Every structure is written in C-alpha cells, then in structure tokens.
Amino acid sequence: MGRKFFVGGNWKCNGTTEEVKKIVATLNAGDVPPSDVVEVVVSPAYVFLPLVKTLLRPDFHVAAQNSWVKKGGAYTGEISVEMLVDLEVPWVILGHSERRQLLSESNEFVGDKVAYALSKGLKVIACVGETLEQRESGLTLEVVAAQTKAIAEKVSDWTNIVIAYEPVWAIGTGKVATPAQAQEVHSQLRDWLQVNTSPEIAETTRIIYGGSVNGANSKELAVQPDVDGFLVGGASLKPEFIDIINAATVKKNA
C-alpha cells in the first residue's frame, strides 16, 4: 500500500479570532479529495487550537506548533504534551527551523521532544533542513542525516512520524527547491532510513516538503516519487491551500 499524501498547514504566529474563523470557513467549503487519498492537518497558534478544532470539518485535523520536552510544571510559557492530549489535539510540529535557529533547539533536544510526544500518544511532524550556507558547502545530506539520526536514536516506532524536509533558505523567501532538488534530498533521506532504521520504515515513512510551496508549484513537486506531501507556511493562510491539497490527485494518478 502506498504512502498516503499528507498536507500540513503551519499558520505560525498569525491570526486573530475573526481571521481564523474566515480561514476555517474557506477550508470547510473547499472541494478536496477524500481522506483515504489525502490527510490534512492545520496548525494554528496554540490559543486558537480549541476554536479551530471545534469549527473545522471532521476530515481535517489540528496540530500544535510545539510542545515541551517532558511533563509540565515550572516551565513558564511552555505547552506540555499532556495539555495537548487533554485537548484531544492529535498532532504536533517539532524541530521547525525557526525554533532551531531563533531558540537554539539542538538536534538532541528535538529528538527528546519527538520521543516524549510519541510516548504520550501524539503524532509528530518532525522538521529537518539545511541553511543556504550548508547547501552551498555541500553539507545538505550531512545536516539532515544528523537531524534525523537524533530522532532515530530515541525512537524505534516511526508509525506516527512524518518527516518534513524544509530547506531553511526556501522558507518564506519565495525561493523553492526545484522538484529535482526536493526529490534528491527526499530520496537520500529515505536511503538513510533504510540503512539506519529498517527497509520497512524507509518505505512507509512519509517525507513531505516545505519551503514556499504554493498553488502554482505544488503539482510538479507532488509527482516526485519520494515527495509524500507538503508542510505549507504562508500559503496555508490563503484560499490556495485548497489547490495545494488537491495536488494529492496528481500523486494518486502519477
């Protein structure tokens, strides 16, 4: 059985109550493939999770944008996995490059976060990706392999992990990895999983692409054999997110 196409929408630190209601209304009205063809998860800011979860169509799900590395307590400003479980939020995004860079989250810290979230029953979108400097130095595979290794050292069951490859130089810049560039890294990541975890994990784990994905480029990215979907930033706040979800039909027919 093939890997089900996955489209995530990371709303980042955006939105007011009214804006969020409008985005959800657009999603609810959207004509998209059935849930056996594409899995759709949107990730509003934490304060809007209950609102979005209540209003959102039942075939779409919600994700938190982060969670703490262990049980809650005296960690001002953090959101614990247990809180997300209590809210019945099924997914969480971990290791996003903005947190790695702005908040100095290390590979090991992200690996610990992923393991803890999984241990409490959450599903994880685990982000990896290189900077422009690293790419130009020929270090892309080394960087994403090290990021993935830190997760693999803490996790044995990959059933509830989606890997999001997001080249840092393409996030919010308008620069997009070409379909060939995306496919190359996704293929190398899958090869790394095959050698370092198991052939079954490599075959079944979804590896999605993020970095200035939009309605115009999503279809040509989607047909790449190792691109299993997208993690969408800015475009997930716009009606074109529906077009990106519909790229799943291109994959299905490829």
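Read on for a plain summary of the structure. Quantities reported herein were computed from a predicted structural model and do not represent experimental measurements.

Thresholds, definitions, all that
Residues numbered from 1 in each chain as written. Predicted model: local features only at pLDDT ≥ 70, side-chain atom pairs only at ≥ 80, totals over all residues. Heavy atoms only, no water. Patch = residues over 30% accessible without salt bridge, like charges linked within 9 Å, V, L, I, M, F, W, Y side chains within 5 Å. Areas by Shrake-Rupley, 256 points an atom, 1.4 Å probe, with all protein chains shown as cover. Salt bridge = Lys/Arg side-chain N within 4 Å of Asp/Glu carboxyl O. Helix = DSSP H or I, 4+ residues; strand = E, 2+ residues; numbered from the N terminus. Buried < 20%, exposed > 50% of the residue type's maximum accessible area, 1.4 Å probe, protein only. Phe/Tyr/Trp six-rings, centres within 6.5 Å; stacked < 30°, edge-to-face > 60°. Lys NZ or Arg CZ within 6 Å of the ring centre and 35° of its normal. Contact = heavy atoms within 4.5 Å. Polar contact = N/O pair within 3.5 Å; in protein donor to acceptor, adjacent residues only side chain to side chain.

Re a nonpolar patch on the surface
A cluster of nonpolar side chains, contributed by Tyr46, Val47 and Met83, occupies part of the molecular surface with about 280 Å² of accessible area. Locating Tyr46 in the fold gives a position in the loop between strand 2 (38-43) and helix 2 (49-55).

Let's talk about the environment of Lys53
Checked against the element boundaries, Lys53 lands in helix 2. Accessibility expressed as a relative area gives 33% for Lys53, which makes it partly exposed. Note: C-alpha distance between Lys53 and Glu240 (187 residues apart in sequence) is 21 Å.

With respect to the packing of aromatic side chains
Counting across every chain of the model gives five aromatic pairs. An angle of 40° between the planes, with centres 4.8 Å apart, marks the rings of Trp68 and Tyr75 as tilted. Since its relative accessible area comes to 30%, Tyr75 is described here as partly exposed. Grouping aromatic residues by their ring pairs yields a cluster made of Trp68, Tyr75 and Phe109. One Lys or Arg, Arg57, reaches over the ring of Phe60 and ends 4.4 Å from the middle of that ring.

Describing the environment of Ser236
Mapped onto the elements of the fold, Ser236 is located in the loop between strand 8 (229-232) and helix 11 (241-245). The class for Ser236 is buried, based on a relative accessible area of 1%. Separated by 226 residues in sequence, Ser236 and Asn10 place their C-alpha atoms 6.7 Å apart. In contact with Ser236, other than residues within four places in its own chain, are Gly9, Asn10, Trp11, Ile23 and Phe241.

What about the pattern of salt bridges?
Scanning all chains against the criterion turns up 15 salt bridges. A salt bridge links Arg135 to Glu130, with the shortest nitrogen-to-oxygen separation between them at 2.8 Å. Residue Arg135 shares its accessibility class with Glu130, and that shared class is buried. Linking Glu153 and Lys149 is a salt bridge whose minimum nitrogen-to-oxygen distance equals 2.7 Å. Given the relative accessible area of 52%, Glu153 is considered exposed. Judged by relative accessible area, which is 42%, Lys149 ranks as partly exposed. Through salt bridges that share partners, Arg3, Arg190, Glu203, Asp226 and Asp228 make up one connected network.

What about the side chain of Ser80?
Mapped onto the fold, Ser80 is located in the loop between strand 3 (60-64) and helix 3 (81-86). Among the residues examined, Ser80 registers a relative accessible area of 5% and is labelled buried. At 3.1 Å, the side chain of Ser80 and the backbone nitrogen of Met83 are in polar contact. If we skip the residues at most four places from it in the chain, Ser80 touches Trp68 and Gly72.

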